[in-house]
Amino acid sequence: MTQNNKEYMLEMLHISKSFPGVKALDDVTLRVRPGTVHALMGENGAGKSTLMKCLFGLYTPDTGEIYLNGQAIQFDNPRQALDAGISMIHQELHPIPHRNVMENMWLGRYPQRKFGPISLVDHAKMFADTKKLMDDLQMEINPKTRVGELSVSHIQSMEIAKAVSYNSKIIIMDEPTSSLTETEVAHLFRIINGLRAKGVSIIYISHKMEEILQISDDVTIMRDGKHVGTWLAKELTIDLIINRMVGRDLTHRFPPKNNVPAQTLMKVDKLTSTFPKSFKNVSFELRRGEVLGIGGLVGAQRTELVEAIFGLRSVASGTITINDQPVTIHSPVDAKRHKIALLTEERRVSGIIPTMSVHDNTIIANLKKYSNRFGFINYALCRKDVDENIARLRVKTPTVKTLIANLSGGNQQKVLLARWLLTEPDVLILDEPTRGIDVGAKFEIYSLIFELANMGKAVIVISSEMPELLGVSDRILVMSMGQAAGILNRQDADQEKIMRLATQFV
Amino acid sequence: MQNTQATPTQPPFSVTARKWMAENAIYVVLVFLIIGIAAQDINFLSPNNFRNILINISTRVIIALGAGAILITGGVDLSAGRIVGLAAVLSASMLQTPEYSRRFFPDLPQLPLIIPILIPLIISLILGIVNGGIIARLNVPPFITTLGMTVIVYGMNSIYFDLPPNSSQPIGGLRPDFTNIGTGFIGPNGPFSLPYIVIIAVIVSVITWVLFNQTTFGKNMYAIGGNREAAKVSGINVGLNLIGIYAFAGALYGLAGVLEAARTGGATNNYGNSYELDAIAACVVGGVSTSGGIGTVPGILAGVVIFGVINYGLTFIGVNPYWQQIIKGVIIVGAVAFDIAKYHRKK
């Protein structure tokens, strides 16, 4: 069976895969040319990850064939895929933080030295090999640094180097830029271009249209487990991609915005962290009915700032006033009392409670409202509110008793939003609310943000996506190295101005 | 917006049956165990045997509910057994009949029954608060905290037990109004009478079920075990709740200790030794996850009953006690392996 065209490095033909009750992949075909970046796009649940897991030996397809360089292949586990030259860089990176870079890179295949009958790990060779690899890829990472000390961007670079060290012909990157800043993205793209020039093919999974159009050669779009089509990237526009991904006209990425900021609700004055390297002297005002964006590079201490406002981090000096009343917030309990809500950046780490149902995850921050003074819960009342909010936010879940862990990322995020809406906050802080969720769900979250602003609530949105920041905010606070570099009004702001402020103190 | 969700088809019977099996495996195991023992000796099925098993496991149920609550928070409590022992000695020392020759407190007047019961309960509750406080406020891991508590409590109990004139003699001669709690029953004498101690275990189980399922305290407990960080961000006072849960567990151990003294009519400082391991084993066999967030009262009860049936039933049909140990070990590991396979099969 080697009749296949050598024009393609990888061919996945007519792949189908079913899980009990759901057809995840239905006759999907993916053809990747050598030395190209092939973007794989689709809403969450479209089947991208399932397809890649079939390729990587994590799943076995029910039907279909896979050819690598014209050879029929079928992997039973990732190890075989790695040995055949296919690597995958996962969205969530899981290095071993207490070990150094080189030990993480060569994990499971340490170079050995023989001393008679005994073989020991050859640290010198491991160091030299790692150093050479890093130099070849123009990465400035010391092989002996503990991985726990590296930034997300550097860990990702390390993972790419690891993929290259397997002599991979195909590297799958799942949402590689989701936690990177713009400069780090530029660096990643330089690395990708270098790999492409060496003939490596990259399968690039991302939701970010601008990046896809910038970096990729070919684009395959999937929808509901089916193959919609494959196009040259230069033939596509953002609107065309969105249209084909969602299978409907979505002429605007943002819903109409007509909220009107009113009187000042919250004032933050010279807020300074107890940690010298964190935020210092940050001041801003927040008005009712306003969406305040917070922009900045990764490391600008935006998350640290809002977590301090919410009582999760300690503050050395500075004041917060709400309705002209000074408030002290030492814990989320205090923050909730002052009607502040925070949707945290890390959904899995500090958002969902995976062992609990959608229902329980929705009510967990608001149990006081649903219980009498002896702590007995009124389930009928809970159920009514949960049902209402699940419907309002269009959460797709079989029942409210389903474990939240079984929902897609976008739907989990909506449940977390419902959790906080039930607390009836005046100030709603959303930290990267659309990270890793699909276009349709993003649009719904934007609509909700505007709806809340229209209701007179004050919303703070932290985002690393410039178009999103510009699309949702009335004003944008730009932070740089822990300081407020400036506040831009919506009509004056553009990407260039934001970037200039974000790099002001770097 | 269009609905893009794939509609699940009706699963075939075999899938439904397998799912039911996975969810209810523990009860199936229990039934097979009873059938297996009865097949060896049909007399096992006499009502009197079941009554004996229930009496034997009553205090174990109370301890396991406390230990289970702590496992659900993602912690572990090794101090359960020694707190049981302390409570047993404390209550027994204050409840000897005036005529008894070797009294712990020779001149102690006859106290109202409630006082010598409440004192050990309150002390156990305080020890639970100390456990919880160290874990919540000083962030010492539960394993270490309760290991230390285990050793300390045994030391304290032994010092008390060694006080003259008792000087480490087993405490006996307990008042009949007290031992009646452990051995008395409602109804006509016979296999169908209801022992007080079983009634107490049932009441404690019901209260615990309500606490776990119908109150904010229970919801917070499951949330803390499921994702402590998310619970904190949701505005749950994690520290206070943890202290409350350890205090609740401590009080249950105290109650179990008092009941052990009443049931056996005496106490020594070695009462309760290694009961915590039996309790943890019963919990995990009953589906409580040692990584937290998962566990139910019926599951814990089923776990305790399984061990009760094994202990009593295997002895009844004359299985060598050393073999019983091996069978118990296999069941503990097997149950957890099965449980883990259940979650991993979903891939």
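Residues numbered from 1 in each chain as written. Chains lettered and ligands numbered in written order. Predicted model: local features only at pLDDT ≥ 70, side-chain atom pairs only at ≥ 80, totals over all residues. Heavy atoms only, no water.

Caption draft 1: Region of the structure containing the side chain of B:Glu276. Residues and elements named next belong to chain B. On the secondary structure map, Glu276 appears in helix H11 (residues 275-285). In this structure Glu276 is buried but unpaired, with Arg82 as the nearest side chain of opposite charge at 6.5 Å. Ignoring any residue separated from it by four or fewer positions in sequence, one finds Glu276 in contact with Asp77, Leu78, Ala80, Gly81 and Arg82. (Helix = DSSP H or I, 4+ residues; strand = E, 2+ residues; numbered from the N terminus. Buried < 20%, exposed > 50% of the residue type's maximum accessible area, 1.4 Å probe, protein only. Lys, Arg positive; Asp, Glu negative; His and termini not counted. Salt bridge = Lys/Arg side-chain N within 4 Å of Asp/Glu carboxyl O. Contact = heavy atoms within 4.5 Å.)

Caption draft 2: Seen up close, the packing of aromatic side chains. All names here are of chain B. As enumerated under the stated definition, the model contains 10 aromatic pairs over all chains in all. An aromatic cluster of three or more residues is present, and its members are Phe44, Phe50, Tyr312 and Phe316. If you follow Arg51 out to its NZ or CZ, it ends over the ring of Phe185, 5.4 Å from the centre. The residue whose ring lies beneath Arg82 is Tyr154, and the NZ or CZ to ring-centre distance is 3.8 Å. (Phe/Tyr/Trp six-rings, centres within 6.5 Å; stacked < 30°, edge-to-face > 60°. Lys NZ or Arg CZ within 6 Å of the ring centre and 35° of its normal.)

Caption draft 3: Layout of the sheet that holds strand E19 (residues 427-431) of chain A. All names here are of chain A. The 6 strands lie next to each other as E18-E19-E20-E15-E21-E22, forming an open sheet whose pairing is mixed. Edge positions in the sheet fall to strand E18 (340-343) and strand E22 (483-489), since each of these pairs with one other strand and no more. Ignoring which end each strand starts from, the neighbouring axes of this sheet average 20° apart. As paired elements, E19 and strand E20 (residues 458-462) share 5 bridges and run parallel to each other. Paired with Val427 across the two strands is Ala458, which belongs to E20. (Pairing = 2+ DSSP bridges. Axes fitted to C-alpha atoms, helices over the stretch in contact; angles between N-to-C directions.)

Caption draft 4: Just the sheet that holds strand E3 (residues 37-41) of chain A, in detail. All names here are of chain A. Taken together, 6 strands build an open sheet; the order of strands is E6-E9-E10-E3-E11-E12 and the sheet is mixed. The open sheet has two free edges, formed respectively by strand E6 (86-89) and strand E12 (226-232), since each of these has just one partner strand. Here the strands of the sheet are splayed against their neighbours by 20° on average, with no regard to which way each runs. By the bridge criterion, 4 bridges tie E3 to strand E10 (residues 201-205) in an arrangement that is parallel. Its bridge partner being in E10, His38 is matched across the sheet by Ile203. Packed on one face of the sheet, helix H6 (residues 182-197) meets E3, strand E9 (170-174) and E10 and runs near 145° to E10.

Caption draft 5: Fine view of the nonpolar core. Counting 165 residues, the largest nonpolar core has A:Met266, A:Phe284, A:Leu305, A:Ile309, A:Ile340, A:Ile460 and B:Tyr253 as the members making the most contacts within it. For this core, the element with the most residues is helix H10 (residues 238-264) of chain B, which contributes 15 residues. When residues no more than four places from it in sequence are discounted, the contact partners of A:Ile460 are A:Met266, A:Phe284, A:Leu286, A:Leu292, A:Ile294, A:Val306, A:Leu428, A:Ile429 and A:Leu430. Counting residues in hydrophobic clusters, the runner-up holds 46 residues, among them A:Ile89, A:Leu180, A:Phe189 and A:Ile215. (Core = buried A, V, L, I, M, F, W, Y, C linked by side-chain atoms within 4.5 Å.)

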